[in-house]
Amino acid sequence: MEIKLPDVVSIGIYNSNLAVKNRVITKNRKTTMFEIEIPIEKGGVSYINTDKMAIEQDMIICAKPGQIRHTKLPFKCYYIHFIVTDGTLYDNLMYIPNYVKTNKREKYYEIFQNLCKYYDSAIDADKIILHSLILELIHTLIKDSKKQTLHGKIKSNNYKAIEDTIKYIKENLTADLSLETIAHRAGFSPIHFHNVFKASTGKTLREYVEEQRIKKAANMLITTDYTLTEIAYECGFSSQSYFSYAFKHKMNKTPREYAKEVYERFEE
């Protein structure tokens with residue numbers, strides 16, 4: 001999976017009291033890039049297309065290219081504007097809601113403060129730190145947005161059960177992760193659990209479990225000297241032959257081809 005780094009246009013602090021004095025609302029404008037902002041103070045209202053949200057400090061605004069936005073003032077925020085037109089980051093960013101609630105406000109503040117610190121540096125090492133911070137920001141925002149989407153799709157009393165199940169799966173890939181066993185563990189009937197889990201993740205339990213096993217296997221292929229049989233066992237596959245079949249079906253290459261490709265890229 002190739003990650004195309006964003007082309008940063010600007011990073012900083014926006015304060016409407018300084019930028020647009022004597023105005024109560026900004027003009028409509030069409031965005032041409034991604035604009036991620038976290039309010040420093042509450043107050044005002046943000047409008048993006050037909051969405052609107054009262055500005056609070058526990059929200060992240062994620063405007064996307066081509067949207068129409070304006071803001072009822074006052075508005076003070078940290079911001080980053082950047083361009084990315086395709087690839088994994090673009091796809092993930094386009095699925096983020098315009099407004100994301102977060103309980104990690106201090107974490108976002110810390111990221112933005114460091115973004116401001118390293119943005120104007122001409123030192124190459126600082127540019128590496130800058131891009132790592134941008135990726136951390138996007139990663140944190142994607143996680144928060146997925147959690148918000150999950151909350152919206154299923155009842156609150158079901159949310160905790162699905163969240164616990166996902167954590168259990170990731171930590172117990174060699175366990176019995178059949179629908180009947182996992183549904184019983186969550187306190188649901190198999191049919192109800194199947195429906196709730198698929199509505200939450202977009203995948204069946206079997207698809208999700210196999211995806212997690214393959215992710216772990218892919219990591220082990222390049223970080224350990226385990227044999228394919230040992231990796232299959234450690235990741236919960238029933239046999240080495242089925243592991244190789246499932247891996248190729250998902251990754252479009254055999255485990256050995258995948259490891260060889262990664263090593264060759266690293267050597268280059």
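Residues numbered from 1 in each chain as written. Predicted model: local features only at pLDDT ≥ 70, side-chain atom pairs only at ≥ 80, totals over all residues. Heavy atoms only, no water.

A. The arrangement of the pattern of salt bridges in detail. Scanning all chains against the criterion turns up 13 salt bridges. Where D58 meets K101, a salt bridge forms, and the shortest distance between an N and an O atom there is 3.5 Å. Of this pair, D58 sits in the loop between β5 (51-54) and β6 (59-63) while K101 is found in strand β9 (residues 99-101), placing the two residues 43 residues apart along the sequence. Given a relative accessible area of 40%, K101 falls into the partly exposed group. Residues participating in the shared-partner salt-bridge network are R29, E35, E37 and R69. (Salt bridge = Lys/Arg side-chain N within 4 Å of Asp/Glu carboxyl O. Helix = DSSP H or I, 4+ residues; strand = E, 2+ residues; numbered from the N terminus. Buried < 20%, exposed > 50% of the residue type's maximum accessible area, 1.4 Å probe, protein only.)

B. Local environment of the side chain of H70. Secondary-structure assignment places H70 in strand β7 (residues 68-72). A distance of 2.7 Å separates the side chain of H70 from the side chain of N28, its partner in a polar contact. Apart from residues no more than four positions distant in its own chain, H70 is found in contact with I25, T26, K27, N28, V45, S46 and Y47. (Polar contact = N/O pair within 3.5 Å; in protein donor to acceptor, adjacent residues only side chain to side chain. Contact = heavy atoms within 4.5 Å.)

C. View of a positive patch on the surface. There is a patch of like positive charges on the surface, built from K143, K146, K147, K170 and K215. Of the residues forming the positive patch, the biggest block, three residues, is contributed by helix α4 (residues 124-153). Relative to the helices and strands, K215 is located in helix α8 (residues 205-223). (Patch = residues over 30% accessible without salt bridge, like charges linked within 9 Å, V, L, I, M, F, W, Y side chains within 5 Å. Areas by Shrake-Rupley, 256 points an atom, 1.4 Å probe, with all protein chains shown as cover. Lys, Arg positive; Asp, Glu negative; His and termini not counted. Charge placed at Lys NZ, Arg CZ, Asp CG, Glu CD.)

D. View of the layout of surface pockets. Taken as a whole, the largest pocket holds about 2000 Å³ of empty space. Surrounding the largest pocket, 44 residues form its lining, I142, K146, K170, E211 and K215 being those nearest its centre. For the lining of the largest pocket, the secondary-structure elements that each account for two or more residues are α2 (87-94), α4, α5 (156-171), α7 (190-201), α8, α10 (240-251) and α11 (255-267). Per-element accounting of the lining of the largest pocket gives the leading share, 12 residues, to α4. (1 Å grid on protein atoms, 1.4 Å probe; cavity = no way out; pocket = protein on both sides within 12 Å on 5 of 7 lines; lining within 4 Å. Points joined across faces, edges and corners; volume = space filled by probe spheres on them.)

E. Representation of the sheet that holds β5 in the model. Across the sheet, which stays open at both edges, the four strands sit in the order β2-β7-β4-β5 with antiparallel pairing between neighbours. On the outer flanks of this sheet lie β2 (29-30) and β5, each paired with one strand and no other. In the sheet, β2 pairs with β7 via two bridges, with the strands oriented antiparallel. By the bridge assignment for β7, R29 is matched with R69. (Pairing = 2+ DSSP bridges.)

F. Local environment of the pairing of strand β4 (residues 45-48). By the bridge criterion, four bridges tie β4 to β5 in an arrangement that is antiparallel. By the bridge assignment for β5, V45 is matched with A54. Hairpin remark: β4 followed by β5, antiparallel, with two residues in the connecting loop; positive phi at N49, about 50 degrees.

G. View of the sheet that holds strand β3 (residues 34-39). The strand order across the open sheet built from five strands is β1-β8-β3-β6-β9, with neighbouring strands paired in antiparallel fashion. In this open sheet, the two strands that pair with only one neighbour each are β1 (7-15) and β9. Taking each pair of neighbouring strands and ignoring which way they run, the sheet shows an average axis angle of 15 degrees. Inspection of the sheet shows β6 paired to β9 by three bridges, in the antiparallel sense. What sits directly across from I60, in β9, is V100. (Axes fitted to C-alpha atoms, helices over the stretch in contact; angles between N-to-C directions.)

Take it as geometry only, folks, not as evidence of what the structure does.
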